[in-house]
Amino acid sequence: MNLSIAKKLTMGFGVVIVLWAICSYLVYSQVEQIGEDLTDVTVRSVPMDQAASEMEINLIGTGFGMLGYLNDRDPRHLKRIEDDQADFARAQSEYRKLAETEQELTLAVQIRDGYGRFRELAGEIIKVHDEQTEKMVMVGEHLDAIDHLLDEKIEPAIRPGIPRADEKHRAAMEMEINTNEIAGSVGLF
């Protein structure tokens, strides 16, 4: 079978056009996939990363707010905790909305539950600290009242010449020393 040059050229161009069409289709499908991947990254992955970072920042902020309050009882720390908790809730909600896979959904629930337990425990610690502080104030007030009784009532009533005055005076002094030691120890606590 002898083919003319025109037929050979036509067949050659046909093969080139078919190869070009196949390559164009492959390139087009790859560009489409890259476009979908970029959309996924920009629409879902980046916001998910931002939400996760925001949750981490607010978790740390809540912890530092709690520690700050336990240190100096400044109410500004409680405001910080409240703000960080609200910000955490917003970021966690955003993460949950963007979650698509089973693993992402499971992580969203674990994050919510773990942070909820952390908040609960932090609240209990703050409550115990507040109660303890109030009771320490009451202990101090009672120690002051005992010291006042010793200084103003008992010690002046012990006069030289009354029976066992030295023993009573020594006992009153020991009570005052013990009261002061207790007050000092409570202050250090």
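Residues numbered from 1 in each chain as written. Predicted model: local features only at pLDDT ≥ 70, side-chain atom pairs only at ≥ 80, totals over all residues. Heavy atoms only, no water.

Caption draft 1: Just the packing of aromatic side chains, in detail. This structure, assessed with the given rule, holds two aromatic pairs. Ring plane angle 15 degrees and centroid distance 3.6 Å describe the contact between phenylalanine 88 and tyrosine 115, whose orientation is recorded as stacked. Of this pair, phenylalanine 88 sits in helix H2 (residues 75-98) while tyrosine 115 sits in helix H3 (residues 102-157); the two residues are 27 residues apart in sequence, bridging distant segments of the chain. Pair check on accessibility: phenylalanine 88 and tyrosine 115 agree, each one buried. Ring geometry for tyrosine 115 versus phenylalanine 118: centroids 5.9 Å apart, planes at 40 degrees, classification tilted. (Phe/Tyr/Trp six-rings, centres within 6.5 Å; stacked < 30°, edge-to-face > 60°. Helix = DSSP H or I, 4+ residues; strand = E, 2+ residues; numbered from the N terminus. Buried < 20%, exposed > 50% of the residue type's maximum accessible area, 1.4 Å probe, protein only.)

Caption draft 2: Up close: the nonpolar core. If you look at the biggest cluster of nonpolar residues, it comprises nine residues: Met48, Ala51, Met55, Phe88, Ala91, Tyr95, Leu98, Ala108 and Tyr115. Mapped by element, the contributors of at least two residues to this core are helix H1 (5-72), H2 and H3. Per-element tally for this core: the top contributor is H2, with four residues. Once residues lying within four places of it in the same chain are set aside, the contact partners of alanine 91 are Ala51, Glu54 and Met55. Met66, Tyr69, Ile81 and Ile126 belong to the second-largest nonpolar core, a separate cluster that totals five residues. (Core = buried A, V, L, I, M, F, W, Y, C linked by side-chain atoms within 4.5 Å. Contact = heavy atoms within 4.5 Å.)

Caption draft 3: Quick look at the confidence of the model for the protein. The pLDDT averaged across the protein works out to 83; a share of 90% of its residues lies at or above 70. By mean pLDDT, the top-scoring element of the protein is H2 (92), and the lowest-scoring one is H1 (77). (pLDDT = per-residue confidence, 0-100.)

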